[in-house]
Amino acid sequence: METTKVALIFGAGPNIGRHVADALSEKGYKVALASRTNHGTDQYKRNQIHIPIDLTRPENVPGVFDQVKNEFGTFPSVVVYNGALRIPNDPEDPLSLSSFKIQDYNSSMSVNTTSVLLALQHAVAGFRTLPASATIKTFIFTGNVLNLVTVPGVLTFGITKSATAYAIRSLVDTKVYQKDGIRCVLLTSRLPCHLYRRRTETFPFPPFTEYIYLGQIHIAKH
Ligand SMILES: NC(=O)c1ccc[n+]([C@@H]2O[C@H](COP(=O)([O-])OP(=O)(O)OC[C@H]3O[C@@H](n4cnc5c(N)ncnc54)[C@H](OP(=O)(O)O)[C@@H]3O)[C@@H](O)[C@H]2O)c1
């Protein structure tokens, strides 16, 4: 008997989230799109539902998994975290009182880091309830280049995205969940060639066999 394929996307905005949702629907997944705003779901033709959530409140994350299970009858086997809060800082004086505000920092940490870790925690717990051989169990975090290079004006965004990138990279590198058939993926943008060369010369670059570039998402694998 074929298992129901279910995916959950946090931060199903108009760019990556929405398009990944549609790509997964094309592959026969029932897809839950969790974000503040409903950017359009096609419940009847495509088996998509919208779940409202404010990701500045990490304590709300576990309830989303329960809603998915209630709606689709199973926990998701693919979880994508694409929620992102980018509050710019002054590139000339990033830590000035007007540029760096603790409430902005805390909100960014919640959306870009804490809620991701909770989503990952509950994704892993849900994956473990799925049949061992039934499906690929994958958690994908849409990172960016900020854990590899510094960019003016995005201090808060860079700190909070980098913290999560570290978490995903450590799970990938230590292979802790591999025995459970669980795959964690850090999606990152391709580095410009000169930076790539510079970085490889200066510190050990992560083994990119387990990292997927944004331009090369092969949903077909699922
Ligand atoms: N697009 C690219 O080409 C690209 C390239 C490299 C890296 N990235 C990285 O990928 C990530 C996503 O990019 P994107 O272009 O797909 O952005 P996006 O379309 O703006 O999606 C971000 C999502 O985060 C959600 N979000 C923000 N704050 C939230 C909150 N408090 N509660 C709930 N949801 C919240 C937004 O929800 P609402 O819809 O409700 O506002 C939106 O759905 C970013 O980290 C970005 O750096 C993107």
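Remember, it's a predicted structure, so these values are computed and weren't measured experimentally. (Residues numbered from 1 in each chain as written. Predicted model: local features only at pLDDT ≥ 70, side-chain atom pairs only at ≥ 80, totals over all residues.)

Q: Can you tell me about the overall build of the chain, naming the residues and giving the values?
A: From N to C terminus, the chain includes six helices and seven strands. Reading the chain from its N end, one meets helices and strands in the order β-α-β-α-β-α-β-α-β-α-β-α-β. The 222 residues of the chain split such that 36% are buried. Of the contacts formed within the chain by residues at least 6 apart in sequence, a portion of 65% connects residues at least 24 apart. (Helix = DSSP H or I, 4+ residues; strand = E, 2+ residues; numbered from the N terminus. Buried ≥ 20, exposed ≤ 12 C-beta atoms within 10 Å, placed from the backbone. Contact = placed C-beta atoms within 7 Å.)

Q: Talk me through unusual backbone geometry; I want residue IDs and the actual numbers.
A: Unlike most non-glycine residues, Lys175 shows phi in positive territory, near 55°. Tracing the sequence through the fold places Lys175 in the loop between α5 (155–174) and β6 (182–188).

Q: Describe in detail the environment of Leu155, supporting the description with residues and values.
A: Locating Leu155 in the fold gives a position in helix α5. Sequence spacing of Leu155 and Ile87 is 68 residues, and the spatial spacing of their C-alpha atoms is 9.0 Å. Those residues in contact with Leu155, other than ones at most four positions away along the chain, are Asn89 and Pro94.

Q: Report on the pairing of strand β4 (residues 78–81), specifying residues and quantitative values.
A: Burial of the side chains of β4 extends over both faces: Val78 and Val80 are buried on one face and Val79 and Tyr81 on the other. Pairing of strand β1 (residues 6–10) with β4 involves four bridges; the strand directions are parallel. Paired with Ala7 across the bridge in β4 is Val78. The pairing of β4 with strand β5 (residues 137–142) spans four bridges and is classified as parallel. Counted as the bridge partner of Val79 is Phe139 from β5. (Pairing = 2+ DSSP bridges.)

Q: Let's hear about the confidence of the model for the chain: which residues, and what values?
A: Residues of the chain with pLDDT of at least 70 account for 80%, and the chain-wide mean is 83. Within the chain, no element has a lower average pLDDT than strand β7 (residues 212–213), which sits at 38, and none a higher one than helix α4 (residues 102–127), at 98. Counting interchain partners and residues more than four positions distant, the pLDDT-below-50 stretch residues 196–222 has 25 contacts. (pLDDT = per-residue confidence, 0-100.)

Q: Explain the packing of α4 against α5 to me, and be specific about the residues and the numbers.
A: Following both chains from N to C, one finds α4 and α5 inclined at 15°, their axes separated by 9 Å at the closest point. For the element pair α4 / α5, the angle class is roughly parallel. Note on packing geometry: the crossing formed by α4 with α5 is right-handed. Between α4 and α5, the contacting residues are Asp104, Tyr105, Ser108, Met109, Asn112, Thr113, Val116 and Leu117 on the first element and Thr156, Phe157, Thr160, Lys161, Ala163, Thr164 and Ala167 on the second. Here the residues of the contact of α4 with α5 are counted per class, giving seven nonpolar, six polar and two charged. (Axes fitted to C-alpha atoms, helices over the stretch in contact; angles between N-to-C directions. Parallel < 35°, antiparallel > 145°, perpendicular 65-115°, else oblique. Left-handed = near helix turned anticlockwise from the far one by under 90°. Nonpolar A, V, L, I, M, F, W, Y, C, P; charged D, E, K, R; others polar.)

Q: Provide a residue-level description of the nonpolar core, including the pertinent values.
A: One finds Ile9, Ala34 and Ala119 to be the most contacted residues of the largest nonpolar core, which totals 45 residues. The element contributing the most residues to this core is α4, with seven residues. In contact with Ala119, not counting residues within four places along its chain, are Phe10, Val61, Val79 and Tyr81. (Core = buried A, V, L, I, M, F, W, Y, C linked by C-beta atoms within 7 Å.)

Q: Requested: an account of helix α1 (residues 16–26), with residues and values cited.
A: Along α1, the residues classified as buried are Gly17, Val20, Ala21 and Leu24. Along α1, the residues classed as buried sweep out an arc of 105° about the axis, all on the same side. Those residues of α1 that are buried lie in contact with β1, β2 (30–35), β3 (48–52) and β4. Directly beyond the C-terminal end of α1, a positive phi value near 90° is found at Gly28. (Arc of directions from axis to C-beta.)

Q: Could you give me a rundown of α4, with the residues and numbers involved?
A: Taking 1.5 Å of rise per residue, the 26 residues of α4 would be expected to cover 38 Å, and the 35 Å separating its terminal C-alpha atoms lies within 8% of that figure. At Ser110, α4 shows its largest kink, close to 45°. (Expected span 1.5 Å × (residues − 1). Bend = angle between axes of the 7 residues up to and from the residue.)

Q: Can you tell me about the environment of Val61, naming the residues and giving the values?
A: The residue Val61 is located in helix α3 (residues 61–72) in this model. Taking the C-alpha atoms as reference, Val61 lies 6.2 Å from Ala119; in sequence the two are 58 residues apart. The residues touching Val61, leaving out its near neighbours within four places in the chain, are Ser115, Leu118, Ala119 and His122.

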